[in-house]
Amino acid sequence: MTIKHTIKTSFNGLSVNKSRTLLTLLGIVIGITSIILVMSVGAGAQSAILGQFKGLGSRTISIEPGRMPEGPSDMAEIYTDSLKKRELVALQDKGNVPGLVNLTPLVMLPATLAYQNETYRANVIGGSPLIADILDIQPETGNFFTEDDVKLRSSVTIIGSKIKDELFGASDAIGQKIKIKGRTFRIIGVIAPKGQVMMLEVDKMALVPYTTAQQYLLGIDYFQDIMAQAESEEAAPAAVRDIEQTLRTLHNITDPKKDDFHIVTQAVVVERVGIITGILTVLLVSVAAVSLVVGGIGIMNIMLVSVTERTREIGLRKALGATDQDILSQFLTEAMMMTVLGGLLGIGFGAGFSLIAASILNKVTALAWPFTFPISAAMLGIGVATFIGLVFGLYPARLASQKSPIEALRYE
Amino acid sequence: MPLIKLTKLEKTYYTGGVETPVLCQVSFSIEKGEFVAIMGPSGSGKSTLLHILGFLDRHTAGEYRFDGKTIDDLSPDEIAHVRNQKMGFVFQSFNLLPRTSVLDNIKLPLLYSDIPEKKWTTLASAAAKAVGLSHRLNFQPAQLSGGEKQRVAIARALINKPEVIFADEPTGNLDTKTSEQIMQLFQNLNEEKHTIVLITHEPDIAKHARRILYIRDGQLAKDEKIS
């Protein structure tokens, strides 16, 4: 029998019991839908997170205190005080790290900003004026603070556009006094709307000189981060090596494993994010795969019922010249048509739900969450569906093909 | 060489260690072009005999040659091919595929043949015409009368131009008048050189054949030619 007629015969066999066929393949639909959904959302998460760091730019280097966190228990290391003024000065020395520009220390704290009766919960970032270059932000109105403000620990701030809208509405904010953690700051500028850069929501942050933040807001003498840029993308690896060298010399560290700082570059982040989302996706896909096994058992069950119901048909076909192989192909094709159809529907639903999920995530999180539909997911879906049909269809199909024609013809 | 040649053929069923002999020392030959009725009361072994003749079942002793070959000479696929190409089957309960048009039912054996698809409709229409069903090609089995259903089955048996048509109680589910018409059809087919072997327990049906083999208790009791 030709493939065309095998398919046609199988199709007719399936269309006899339309609702039964649909219910049976529902298991496969759900399984494939969840796999596609997980893979698509996983890919979306990956590119959403990576998108954050893409803004970092391939030149940007972030020096953080403590070891590279390997797990949740290492997170406390971030708050160690290994990066202070001394380290900043050493790194600023072109003799130590020739290829580095725009060095700025960073300290951060969440704080409530108050203007008259209005309050706004924001991130207060302490930095140097150079942070404007690293984050690529400009004042919309007013000015940035200056190196002098840093030296004098001036209580001045430049605020994000969202804060301005919330606290001042349409009226002018420049020159107004707001309270941050009880201390009065004068607004000297408003940052032009920018959205999110490097995990920082520019529009919802208030920038202050880092010295001011250290002294009056946090009461610390260390930095939470030192950000800098290599002169060029090519110079980045050399700059990273020079930074490591400088800090190790300064801290008398001979064993790199005992570093009390770590350096984050875009390359490192991209790699780490890829690994983490990859592991999560594999984990979730395996969970979804369990539902496919359940779906497969449903297919096998219904195929066994179908083979029994159609015993006479099998006997007739054999009497009219069908070989065992013909009967096997017919029932195997029926099982595979069910699973492949289920797979296609699953891919459709999966893509649809991912699209919905992406648009919801886009709205409720501040991340730019793209809808990604990996072709690999669709191929995997079809592949897995076909495979399930093959595996769970084989046993019923073999039973059918091995029926003796007279037994089958006698069956009532 | 006779088309069908049985020599001391035996069939014994073994179920749970118990031997049940069904056919015993049956010998006869059928030439091409004959119209033979195998007659006997129910339980006489005539259905088993027809199954063996149609390569649907195997005998346990003796020899059966169809067109010079025994079932043991052939692989399962070759047996299927012989059934497809050289034998046509008509059953008491018609065995048509439900929800499938008359035309497609008639085409069914072609699915398992080497005949190219573009000839199928022509062949099936010709077979339908031969049994007088040209006006019913797009009907479903449920829309047909019993006699018409059996005509479809006969057309299906004819389509591959087999050497022989085996009919197992073809009128068993039909009324007398329709039975008469179906037997008339078999007679016409025989006049067109088709070899027909049919099973019946009704003398009225058997008398349409040109030769009657009487089976009783698994043995050939009488071989009667009707002129």
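That block above? That's the structure.
Below you will find a few notes about this structure. (Residues numbered from 1 in each chain as written. Chains lettered and ligands numbered in written order. Predicted model: local features only at pLDDT ≥ 70, side-chain atom pairs only at ≥ 80, totals over all residues. Heavy atoms only, no water.)

Side note on the sheet that holds strand β9 (residues 219-225) of chain B
All names here are of chain B.
Part 1 of the argument: Taken in spatial order, the six strands of this open sheet run β5-β6-β7-β3-β8-β9, and their pairing is mixed. For this open sheet the edge positions go to β5 (87-90) and β9, each flanked by a neighbour on one side alone. In this sheet, neighbouring strand axes are inclined to one another by 15° on average, regardless of whether the strands run parallel or antiparallel.
Part 2 of the argument: Looking at chain direction, strand β6 (residues 164-168) and strand β7 (residues 195-200) are connected through five bridges and run parallel. Bridge pairing in β7 places F166 opposite V197.
Part 3 of the argument: Sheet contacts for helix α5 (residues 146-158): β5 and β6; angle to β5, the most-contacted strand, approximately 170°. (Pairing = 2+ DSSP bridges. Helix = DSSP H or I, 4+ residues; strand = E, 2+ residues; numbered from the N terminus. Axes fitted to C-alpha atoms, helices over the stretch in contact; angles between N-to-C directions. Contact = heavy atoms within 4.5 Å.)

Examining the interface of chain B and chain A
Part 1 of the argument: Contacts between the two partners involve 21 residues from chain B, matched on the other side by 21 residues from chain A.
Part 2 of the argument: When chain B packs against chain A, the two sides together hide about 2000 Å² of surface, and 62% of this comes from carbon and sulfur.
Part 3 of the argument: Per-residue buried area on chain B facing chain A is highest for L56, L111 and Y112 of chain B; these three make up 30% of the total on that side.
Part 4 of the argument: At the junction of chain B with chain A, the criterion picks out one salt bridge.
Part 5 of the argument: One salt bridge in this structure joins K4 of chain A and E117 of chain B, with 2.8 Å as the shortest N-O distance.
Part 6 of the argument: Connecting chain B to chain A are seven residue pairs in polar contact (both at pLDDT 80 or more).
Part 7 of the argument: Counting residues per element, the ones that place at least two in the side of chain B that touches chain A are α2 (76-86) and α3 (102-111) of chain B. (Buried area = accessible area lost by both parts, 1.4 Å probe. Salt bridge = Lys/Arg side-chain N within 4 Å of Asp/Glu carboxyl O. Polar contact = N/O pair within 3.5 Å; in protein donor to acceptor, adjacent residues only side chain to side chain.)

What to know about the layout of surface pockets
Part 1 of the argument: Approximately 830 Å³ is the volume found for the second largest pocket.
Part 2 of the argument: Around the second largest pocket, the lining is made up of 37 residues, and of these N12, E313 and R317 of chain A together with L97 and T100 of chain B lie nearest the centre.
Part 3 of the argument: Sorting elements by how many residues they give to the lining of the second largest pocket places helix α1 (residues 3-15) of chain A first, with seven residues.
Part 4 of the argument: Looking at the lining of the second largest pocket residue by residue, the class counts come to 12 nonpolar, 13 polar and 12 charged. (1 Å grid on protein atoms, 1.4 Å probe; cavity = no way out; pocket = protein on both sides within 12 Å on 5 of 7 lines; lining within 4 Å. Points joined across faces, edges and corners; volume = space filled by probe spheres on them. Nonpolar A, V, L, I, M, F, W, Y, C, P; charged D, E, K, R; others polar.)

Focus on unusual backbone geometry
Part 1 of the argument: Residues other than glycine seldom take positive phi values, yet K181 of chain A does so here, at roughly 50°.
Part 2 of the argument: Examined against the element boundaries, K181 of chain A turns out to sit in the loop between β6 (177-180) and β7 (183-191).
Part 3 of the argument: Of note in this structure, R99 of chain B is not a glycine but carries a positive phi near 55°.
Part 4 of the argument: Along the chain, R99 of chain B falls in the loop between β5 and α3.
Part 5 of the argument: Look at R99 of chain B and you get exposed, because its relative accessible area is 54%. (Buried < 20%, exposed > 50% of the residue type's maximum accessible area, 1.4 Å probe, protein only.)

Just distances and angles here, no functional claims.
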